[in-house]
Amino acid sequence: MLNFDEQRFLRIQSGAVALRQRLDDVVVSCLEKGAENVFFLGTGGAAILMQPAAQLLQRRSRFPAFIDLPAELFITGSVNLTEKSIVVIPSLSGTTKESVALLAKAKEAGATVLSLVGHEETPLGKGGDHAFVNFAEDDTSCESFYLQSLFIALSIMRHRGEIENYDQIAGELERLPGLLLEVKRDYEDKAETFARVLAGSDYHIVTGAGNAWPEAFYYGMCILEEMQWIRTRPVHASDFFHGTLELVEKGVSVILFKGEDALRPLADRVQNFAPNYTDRLTVLDTADFALPGISQEVRGLVSPIVLATVLERISAHLEVMRNHPLTTRRYYKRVAY
């Protein structure tokens, strides 16, 4: 595979899976001590990656789950952020400015902070009550963060009696690193073709629904915009028909990400509409990928993880095709802001 270290990928995703038991232990401890809610408080891309786990709790658990922007919460505070809150702060670097500031706010409120970081010797790695360290880099962090946050959500549901087959789900998730590697291998020949679509336009409408939507938002903002300087319009599939559809015409690129959760019909609606008005609809559908031994229920849960692992292959070809390394920046962490 182009510019890809298979063993590094397996090591990082297996590292995320290996954190499951400790995450479960910490969640149990928090609940037994009277925790009343959970906040997922990442910044930028890391925040987006927390959305599927937060959404899972909001829709299938009565345990209050909040997702907010640390930069805003630092200024406004929240009446729900108390000593009975679990606060999850993901940051690959462990140094994200807004998240570090929010850490102090959470500690001041007496909340229990779980930091998900790639480096322990950092403000977030050292400052959280419980630091979960799994080294990763930009090309491997999505799957790792998705898995860790999913384990947290499932653990909360398990110990509240809101899920009956936790052990089965956990067992399937532990097989995922090797299966994701096979997905990458199988998709490699198609990745270049998809990359040509992205390289062929300086503007894309990027859309998805359910737990595929965060990956659509993430890829548009953090990869195409930040790392490739390609303009995008990320829009949720349910909002697509309340404004963005008026931008669709011949020659306009629409990129649709489809997952396998209950909200897939919202993506189907876009797929049925767009070809009537543009000749440039491109679909990336997790249902096209084999995941032997993974139940339909778990396939629905891991759709954003599968999308992330395939999109990494697309990005590897895209940066070569455009002679624009994914590490190139003009402003991000280069100038004062």
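Before reading on, note that the structure itself is shown above.
## Description of the sheet that holds strand S9 (residues 281-285)
The strand order across the open sheet built from four strands is S7-S6-S8-S9, with neighbouring strands paired in parallel fashion. With partners counted over all chains shown, the strands left at the sheet margins are strand S7 (231-236) and S9, one partner each. The mean angle between the axes of side-by-side strands here comes to 20°, regardless of whether they run parallel or antiparallel. Bridge analysis of strand S6 (residues 203-208) against S7 gives six bridges, and the strand direction is parallel. What sits directly across from Val 206, in S7, is Pro 234. Contacting S6, S7, strand S8 (253-258) and S9, helix H12 (residues 264-273) crosses the sheet at an angle of about 155° to S8.

## Let's talk about helix H1 (residues 6-18)
Along its 13 residues, H1 runs 18 Å from first to last C-alpha, staying within 8% of the 18 Å computed at 1.5 Å per residue. Where H1 is buried, its residues contact helix H2 (20-32), helix H8 (141-159), helix H9 (166-174), helix H10 (176-199) and helix H14 (303-321). Its side-chain oxygen at 3.1 Å from the backbone nitrogen of Gln 7, Asp 5 defines the N-terminal cap of H1.

## Details of the environment of Glu 32
Locating Glu 32 in the fold gives a position in helix H2. For the pair Glu 32 and His 159, spaced 127 residues apart in the sequence, the C-alpha separation amounts to 9.5 Å.

Cut-offs used in this document
- Residues numbered from 1 in each chain as written.
- Predicted model: local features only at pLDDT ≥ 70, side-chain atom pairs only at ≥ 80, totals over all residues.
- Heavy atoms only, no water.
- Pairing = 2+ DSSP bridges.
- Helix = DSSP H or I, 4+ residues; strand = E, 2+ residues; numbered from the N terminus.
- Axes fitted to C-alpha atoms, helices over the stretch in contact; angles between N-to-C directions.
- Contact = heavy atoms within 4.5 Å.
- Expected span 1.5 Å × (residues − 1).
- Polar contact = N/O pair within 3.5 Å; in protein donor to acceptor, adjacent residues only side chain to side chain.

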